[in-house]
Amino acid sequence: MNPLVSEIARLKSKNNAVILAHTYQPGEVQDVADFVGDSYGLSVEATNVTSDTIIFCGVRFMAETAAILNPAKKVVLVEPDAGCPMADMITVAGLAALKKKHPSHLVLCYVNSTAEVKALSDICVTSSNAVAIARQLPSNQEIIFVPDKYLGDFVAEKTGRTLILWNGFCPTHACITSGMVTQAHEEHPEALVLIHPEAPRESRRFADQVLSTGGMCSFVKNSERDEFIIATEIGILHTLRKQNPAKNFYPVSDTITCPNMRKGSLASIRNALEGKGGEIIKVPPETAAGAERALRKMLEMSEEKSYSDKAGILGTSGDMLKSLMEDKKKEREL
Ligand code: 13P
Ligand code: SF4
């Protein structure tokens, strides 16, 4: 066993720390984590942490989200340089200008965004709940969706709504071509193709399922099929193989990697636990308050999804909607 593994376990208990990792992180990092999940799962998990410290293995917006949702904890991003290029494709000034042009639109903001952009938004979404949250809004409510034009397009496709989209995208998922999907399928004709909604529509249309990374994990677990082509960042193949040792997984292409997610390592976790590396994430209180409001709406609307689905209605509870609309009205009056 790598000696760093036992060193990390010792430091973790000494510091009363917990390790959270995204499914795109390198396998060795996932193996020492207490929780591995998608962006949504990680934000829910972060709210529930009772340990003093959260060692976060992922990218900056995820660690920021954890710090906003659980401000009493020390959140350390193990690789301070691990950003998300998509999150940096939208600026506060750009979003403010768009909102000014469309004052009655609600802003749905993918969590792959900075805390400042979240604070200017009405509701955060992740790839696992964006469609369900959009469905809960009245059909005549107009929507701005930022920053991912491909996830926004997926929401538009699934809900039949017209959204104003920001021109942002994930440089990793944008590289998933329809040719890659069809070629992988020719090589593995028995396999089901699972693709992430950050991929372009022309590639998504050749897939069997469009799912967040957490969605892929539960789909595979519950599927009777045993071969899958995975069209997202290759880190998730480790998670899937570990959870389903009897099933076979093929990356749509092994070039689909996120350089920022690849930065995490056992050494960077050890350094963060020793206080010799990583960055303690601090979000200015005013920004954190605004971002938390949009994040909490996402968490509440994700919980209510099961209620709406069960009831077979496309509407959120009256109270939630009322408070959203009141917030919007107040904002317009400012
Ligand atoms: P998930 O929402 O599936 O975690 O994917 C988001 C992502 O791309 C992380 O960068
Ligand atoms: Fe950002 Fe894409 Fe990397 Fe996710 S995979 S962190 S969206 S660049």
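What comes next concerns the included structure. (Residues numbered from 1 in each chain as written. Chains lettered and ligands numbered in written order. Predicted model: local features only at pLDDT ≥ 70, side-chain atom pairs only at ≥ 80, totals over all residues. Heavy atoms only, no water.)

A few points about the sheet that holds strand β1 (residues 17–22)
Put simply, the rule reads: A strand pair is defined by DSSP finding two or more bridges across the two strands. A run of H or I in DSSP becomes a helix once it reaches four residues, and a run of E becomes a strand once it reaches two; helices and strands are each numbered from the N terminus. Contacts are residue-level and defined by heavy atoms, with any inter-residue pair within 4.5 Å sufficient. Every angle, taken between N-to-C directions, lies between 0 and 180 degrees, and every axis is a line fitted to C-alpha atoms, over only the stretch in contact when it is a helix.
With mixed pairing, 5 strands are arranged side by side in an open sheet as β2-β1-β3-β4-β13. With partners counted over all chains shown, the strands left at the sheet margins are β2 (35–37) and β13 (279–280), one partner each. Along the sheet face, helix α4 (residues 60–69) touches β1, β3 (53–57), β4 (74–77) and β13 and points at about 175° away from the line of β4. On the sheet, helix α13 (residues 266–273) packs against β1, β3 and β4 and is oriented at approximately 155° with respect to β3.

Digging into the site of ligand 1
Counted only if it meets this: Put simply, a residue is near a molecule or strand once any heavy atom of it comes within 4 Å of that molecule or strand. Any N or O atom pair separated by 3.5 Å or less is treated as a polar contact, with the protein-specific requirement of one donor-capable and one acceptor-capable atom, and with residues adjacent in sequence counted only for side-chain atom pairs. Each accessible area value is a Shrake-Rupley result obtained with a 1.4 Å probe; residue values ignore everything except the protein chains displayed when judging cover.
In the vicinity of ligand 1 there are 13 residues, among which H22, S39, S127, E198 and T213 approach most closely. In the environment of ligand 1, an oxygen atom lies 2.8 Å from a nitrogen or oxygen atom belonging to the backbone of S39. For ligand 1, an oxygen atom lies 2.9 Å from a polar atom in the side chain of H196. For ligand 1, whose accessible area on its own is 300 Å², the fraction buried by protein is 96%.

Details of the packing of aromatic side chains
Selection rule: Ring pairs shown here join Phe, Tyr and Trp side chains whose ring centres sit within 6.5 Å, with only the six-membered ring taken for Trp; geometry is labelled stacked below 30 degrees between planes, edge-to-face above 60, and tilted in between. Each residue is assigned to one of three classes by its accessible area relative to the maximum for its type, calculated with a 1.4 Å probe on protein chains only: buried under 20%, partly exposed between the two thresholds, exposed over 50%.
A full pass over the atoms with the stated rule returns 1 aromatic pair. On the basis of an interplanar angle of 20° and a centroid distance of 5.6 Å, the ring pair of F228 and F249 is categorised as stacked. In this pair, F228 sits in strand β11 (residues 227–231) while F249 sits in strand β12 (residues 248–251), placing the two residues 21 residues apart along the sequence. Both residues of the pair, F228 and F249, belong to the buried class.

Things to note about the pattern of salt bridges
Rules: Basic side-chain nitrogens of Lys or Arg form a salt bridge, by our definition, when they fall within 4 Å of a carboxyl oxygen of Asp or Glu.
Under the criterion given, the structure shown has 11 salt bridges. A salt bridge links E7 to R10, with the nearest nitrogen and oxygen atoms 3.2 Å apart. With a gap of 3 residues between them, E7 and R10 both fall in helix α1 (residues 3–14), about one helical turn apart. Judged by relative accessible area, E7 falls into the partly exposed class, the value being 22%. A salt bridge links R262 to E233; the shortest N-O distance between them is 3.1 Å. Of this pair, R262 sits in the loop between β12 and α13 while E233 sits in the loop between β11 and α12 (236–243), and the two are 29 residues apart along the sequence. Judged by relative accessible area, which is 0%, E233 ranks as buried. In this structure, a network of salt bridges that share partners links the residues D153, E157, R201 and R204.

What to know about the state of the cysteines
Spelled out, the test is: In this description, the term disulfide denotes a pair of cysteine sulfurs within 2.5 Å.
Enumeration according to the criterion identifies 0 disulfides in this entry. Free of any disulfide, C217 has its nearest neighbouring cysteine sulfur in C57, separated by 17 Å. On the basis of relative accessibility, which here comes to 10%, the residue C217 falls in the buried class.

Quick word on the side chain of S51
Its location among the elements puts S51 in the loop between α3 (39–48) and β3. In this view, S51 contacts N16, A17, V18 and K73; residues no more than four positions away in its chain are not counted.

Side note on the environment of C175
Position of C175 among the secondary structure elements: in the loop between β8 (163–165) and α9 (178–187). For C175, a relative accessible area of 41% puts it in the partly exposed group. Separated by 101 residues in sequence, C175 and K276 place their C-alpha atoms 36 Å apart. Beyond its immediate sequence surroundings of up to four residues, C175 is in contact with M180 and I256.

Quick word on the pairing of β11
For clarity, the threshold we go by: If you view a crossover with the strands going away from you and the path from the first strand over the helix to the second runs clockwise, you call it right-handed.
A large share of β11 lies buried, amounting to 5 of its 5 residues. Burial along β11 is two-sided: E227, I229 and A231 and F228 and I230, pointing in opposite directions, are all buried. Bridge count between strand β9 (residues 192–195) and β11: 4 bridges; the pairing is parallel. Residue pairing across strands places L194 opposite I230, the latter belonging to β11. Sheet analysis places β11 next to β12, joined by 4 bridges and oriented parallel. Each residue of the ladder has a partner; that of E227, found in β12, is N248. Taking the sense of rotation as the criterion, the β-α-β connection linking β11, α12 and β12 turns out right-handed.

Focus: the side chain of K118
The test is simple: The charge count treats Lys and Arg as positive and Asp and Glu as negative. His and the chain ends do not count.
Mapping K118 onto the fold places it in helix α6 (residues 115–119). No salt bridge is formed by the buried K118; the nearest opposite charge belongs to E64, separated by 5.0 Å. Side-chain polar atoms of K118 contact the backbone oxygen of S113, separated by 2.7 Å. Not counting chain neighbours up to four residues away, the residues in contact with K118 comprise F61, T65, C109, V111, S113, C124, G290, A291, A294 and L295.

Some remarks on the sheet that holds β11
Spatially, the 4 strands line up as an open sheet ordered β10-β9-β11-β12, and their pairing is parallel. In this open sheet, the two strands that pair with only one neighbour each are β10 (209–210) and β12. Of the strands in this sheet, β11 and β12 touch α12, which is tilted by about 175° from β12.

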